[in-house]
Amino acid sequence: MLYREAGQFKSSYIADSQIFPLRQDRIGFWTLLMVAFLAVPWLASEYWFSAILIPFLVFALAALGLNILTGYAGQLSLGSAAFMAVGAYAAYNFQLRIEGIPILATLVLAGGCAALVGVLFGLPSLRIKGFYLAVATLAAQFFVVWALTKFGWFSNDSSSGVISVPRFDLFGLAINTPVRKYLFVLAIVCVMALLAKNLVRSSTGRAWMAVRDMDVAAEVIGIPLMRTKLSAFAVSSFFCGVAGALYAFCYLGSVEPDGFSLDLSFRILFMIIIGGVGSILGAFLGSAFILLLPILLDNLLPPLAALLHLPFTNATVSHIQMMVFGALIIFFLVVEPHGLARLWQIAKEKLRLWPFPH
Amino acid sequence: MKRIKHLLLAVSAAASLLSAVAPAAAQSNEQFIAIPSYRVGPYGTNGQSYYGGYVDYLNYVNLKDNGVGGVKLAWEECETEYNNAKGVECYERMKSRNPVTRGTAINPMATGISYALIDKTAEDKVPLLMIGYGRTDAVDGSVFPYAFPLVTTYQMQVSAIVKYLAGKNNGSLAGKKIVFLYHDSAYGKEPIVALQAESSIGKFKLVEIPVAHPGNEQGAQWLRIRQENPDYVIFWGWGVMNQTALKAAQKVGYARDRIIGSWWAGSEEDTVPAGDAARGYLSATWNVAGRDVPVIADIEKVVYGAGRGNMQDKNKVGSVLYNRGVSAAIATVEAVRTAQDKFGRGKVMSGEQVRWGLENLNITDARLKQLGASGLLPEIKTSCDNHEGSGKVRIQQWDGSKWVLVSDWIEGNKNLIHPLFKASAARYAKEKGFTPACMK
């Protein structure tokens, strides 16, 4: 009743090709942005910023990067954490070694470094596909962590290999409080998400999807395979690189190469599988699910146990949390194998017919 | 099925909305201690013993002395699984629960987490305890006012080990060959700089061999050790890597009594699974194992007698890691006591006040004797220049069923090691852009 397109006429191509063709969607989207930019900074506590919102946004960005590569271009990758590591260490070195470089330039350069490394490790994709490619990107994962540990230059010869990021400011405003960090990350993620959305709607994105669906057919209709695949690797790694830099600069404050382990790559992969492969929204939903659900359970279970007078120790709660988390992953995948984004889409379709479904 | 599906979906939707859950915070007349612990995950068994000892001692102080100067201790655990991101989340969560006192001290027992927290804790004025681990150049209190790598650091430890080995060779290691076999991470790499300094002074040859995490395959490394045939192997292992190394050493026939491990490679959790291969293996330790220490025996009587014991496996009371937890708790409680002596007995101390207590800690042997902890841990005397406070370890040997001490307290070469810390801390201050200064 409320959510339908009846009466909304489009009289120009521009109106027809906007991201949200429905007025209701546009209103919802702008409200969400207003809440994120204006209301949240007033309402949220330091805990919410530092432990929930910032990591959520950072991982959403990384998942977005992987989604471009895996979801849109169909190239399976297990190296996202490595590209994040490249971004984090590159950003650190740019800030350290170039006096007075603006943070935004640092982020772009860090993303650029990650993109270069991504293209390099994307080269095997020209010959191999699927699981074999995943194994090839696994090489990136191990190589990058090894190189960052092996060569002291990357960590400014810190004896432990751990880097701790310097203070930084944006146009003279120090980004040092959780609120500022949150707004900074949010702004960057918004811009990059918009970029991603428009990329996948453009001819580049169509070329990616053509390659994903059948690369031989794509080549036959004149899509250059090499350029398409490598551009997907470059763009994806750029996103991961920026996410890595934000991970170090705005979230943890100090990182070590071991932190960017295969585990992290898998987490990002799970985010897009649960959120929805080949969907921008999916990256955000997946990141929220993987990151926030354990925290929610952690907060929910002990009071629940106390309420029911169950003699749970901390360790038991952790075990139960893992079991519930695992069960929920399986549940959601069984309900909707195409991820949470698809669930949202179905909900929207139902909403259009509501309250008179036929 | 469809109904169940809808029900579950509704429940999960409701749960995601219902996120504002804030259980009661510690009361304001209690001294709150945040414990980001790990009892599950890859290092869970280590954490169970360590945090068991830590919590048992806090309980003991509450039951026996009614807290510190009449102020009861309160604490809360949060599971980190030895994971940096979870550790940060835990820290923020516990901080949000206790906005007033902000906690006495935080002791995550994970080098990675302590690195991630070092800036945040300083900003929030929460003392960060890194007892026997963590960022070692925090020994310099003028750069790291809120971080305390108490008792001893990796570098001082390796220096003490070299001193012990020299002692066995009439005071000189000149011409000898030592292999440093290490976990290829921040933890394993920290001592290298100290070892290199020692080797250039002591004129022994140093061979560094890294083992990639998690270290459950060390065939190549031990083959290389056999080829090199060093006089000693100094071993910086962690978790499953330790037992693997001992078994691999047995396989290539390298004598175990020439392998000497760090204190994270010297607990029952490392030697018992290795079985016979561990017999004769040496390791450093900064706390003594055993139940015959008076305070440990008393904890068994008071805490376990009251049915408040934290250990599920009571047999592990008195193990190396359990006693290490107790030792760490003793240092924490003594810091609160020191702070109370200065800022008012019977009051709840703030993070800043406990920081002062930690920086002016003076746990003498006489005091340890009063506590019933004679010989359990070395004397600790801290200052702004020296957040370490001791730098002493003992060497112990596994006899097949228990750890036996084979040396007295050995202090590392402070004149060699501490300037390294100073230089590293100064570089950190420069990177961060501030001038080091001692806090009053």
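Small disclaimer: the values here were computed from a predicted structure and weren't measured.

(A) Quick peek at the overall build of chain B. Broken down by element type, chain B carries 15 helices and 14 strands. Here the C-alpha atoms of chain B give a radius of gyration of 22 Å, agreeing with the 22 Å that 2.2 N^0.38 yields for 440 residues. Taking the principal axes of its C-alpha atoms as reference, chain B extends roughly 65 × 65 × 50 Å. Taking all 440 residues of chain B together, 57% fall into the buried category.

(B) Examining the overall build of chain A more closely. Scanning chain A for helices and strands turns up 14 helices and 4 strands. At 21 Å, chain A has a C-alpha radius of gyration in line with the 21 Å of a compact globule built from 358 residues. Counting only C-alpha atoms and orienting by the principal axes, one finds that chain A spans roughly 70 × 65 × 45 Å. Considering only contacts within chain A whose residues lie at least 6 apart along the sequence, 76% involve residues at least 24 apart.

(C) Layout of the packing of helix α5 (residues 154-168) of chain B against helix α7 (residues 192-202) of chain B. Residue and element names in this part refer to chain B. Relative to each other, α5 and α7 sit at 30 degrees, their axes nearing to 9 Å. Looking at the two axes, α5 sits roughly parallel to α7. Relative to α7, the crossing made by α5 is right-handed. Contacts from Q155, V158, S159, V162 and A166 in α5 reach A194, L195, E198 and G202 in α7. For the contact of α5 with α7, the residue count by class is 5 nonpolar, 3 polar and 1 charged.

(D) A look at the interface of chain A and chain B. Between chain A and chain B, the residue contacts involve 34 residues of the former and 39 residues of the latter. Per element, the largest residue contribution to the side of chain A that touches chain B is 7 residues, and it comes from helix α13 (residues 314-335) of chain A. Along the lines of polarity and charge, the residues of the side of chain A that touches chain B split into 16 nonpolar, 14 polar and 4 charged.

(E) Region of interest: unusual backbone geometry. P355 of chain A follows W354 of chain A through a cis peptide bond whose omega is 0 degrees. Within the element layout of this structure, P355 of chain A appears in the segment after α14 (339-353). For Y82 of chain B, which is not glycine, the phi dihedral falls at a positive 65 degrees. Within the secondary structure, Y82 of chain B is located in the loop between β2 (73-79) and α3 (84-97).

(F) Spatial organisation of helix α8 (residues 203-213) of chain A. Residue and element names in this part refer to chain A. For α8, the complete set of buried residues consists of A207, W208, V211 and R212. Viewed along the axis of α8, the buried residues span an arc of 140 degrees, placing them on a single side of the element. The exposed set on the far side of α8, more than 90 degrees from its buried face, consists of S203 and D213.

(G) Representation of the packing of helix α12 (residues 280-307) of chain A against α13 of chain A. Residue and element names in this part refer to chain A. Two elements in contact, α12 and α13, have axes separated by 10 Å at closest approach and are oriented at 130 degrees. Looking at the two axes, α12 sits oblique to α13. Where α12 crosses over α13, the handedness of that crossing is right-handed. Contact residues: L293, P294, L297, D298, L301, P302 and A305 in α12; V317, I320, Q321, V324, F325 and L328 in α13.

(H) Looking closely at the pairing of strand β7 (residues 232-236) of chain B. All names here are of chain B. In terms of burial, β7 is largely enclosed, as 5 of its 5 residues are buried. Side-chain alternation along β7 places Y232, I234 and W236 on one buried face and V233 and F235 on a second face that is also buried. In the sheet, strand β5 (residues 177-183) pairs with β7 via 5 bridges, with the strands oriented parallel. The residue of β7 that forms the bridge with V179 is V233. Sheet topology places β7 next to strand β8 (residues 259-261); 3 bridges connect them, and they run parallel. Within β8, the residue paired with I234 across the bridge is I260.

(I) Molecular detail of the pairing of strand β9 (residues 282-285) of chain B. All names here are of chain B. Side chains of β9 alternate between two faces, with L282 and A284 and S283 and T285 buried alike. The sheet contact formed by β8 and β9 spans 2 bridges and is parallel. The residue bridging G261 from the neighbouring strand is S283, located in β9. Pairing of β9 with strand β12 (residues 392-398), which is carried by 4 bridges, proceeds in the antiparallel orientation. For L282, the partnering residue across the bridge sits in β12 and is Q397.

(J) Examining the confidence of the model for chain B more closely. Residue and element names in this part refer to chain B. Looking at chain B as a whole, its pLDDT mean stands at 87, while 92% of the residues score no less than 70. Element-level mean pLDDT values for chain B span from 55 in helix α1 (residues 2-17) up to 95 in β8. Low confidence marks residues 16-26, where pLDDT is under 50. Its contacts with residues over four positions away, or in another chain, come to 12 contacts. As a predicted assembly, this complex carries a pTM of 0.86 together with an ipTM value of 0.81.

Calculation rules
Residues numbered from 1 in each chain as written. Chains lettered and ligands numbered in written order. Predicted model: local features only at pLDDT ≥ 70, side-chain atom pairs only at ≥ 80, totals over all residues. Helix = DSSP H or I, 4+ residues; strand = E, 2+ residues; numbered from the N terminus. Rg over C-alpha atoms; globule rule 2.2 N^0.38 Å. Buried ≥ 20, exposed ≤ 12 C-beta atoms within 10 Å, placed from the backbone. Contact = placed C-beta atoms within 7 Å. Axes fitted to C-alpha atoms, helices over the stretch in contact; angles between N-to-C directions. Parallel < 35°, antiparallel > 145°, perpendicular 65-115°, else oblique. Left-handed = near helix turned anticlockwise from the far one by under 90°. Nonpolar A, V, L, I, M, F, W, Y, C, P; charged D, E, K, R; others polar. Arc of directions from axis to C-beta. Pairing = 2+ DSSP bridges. pLDDT = per-residue confidence, 0-100.

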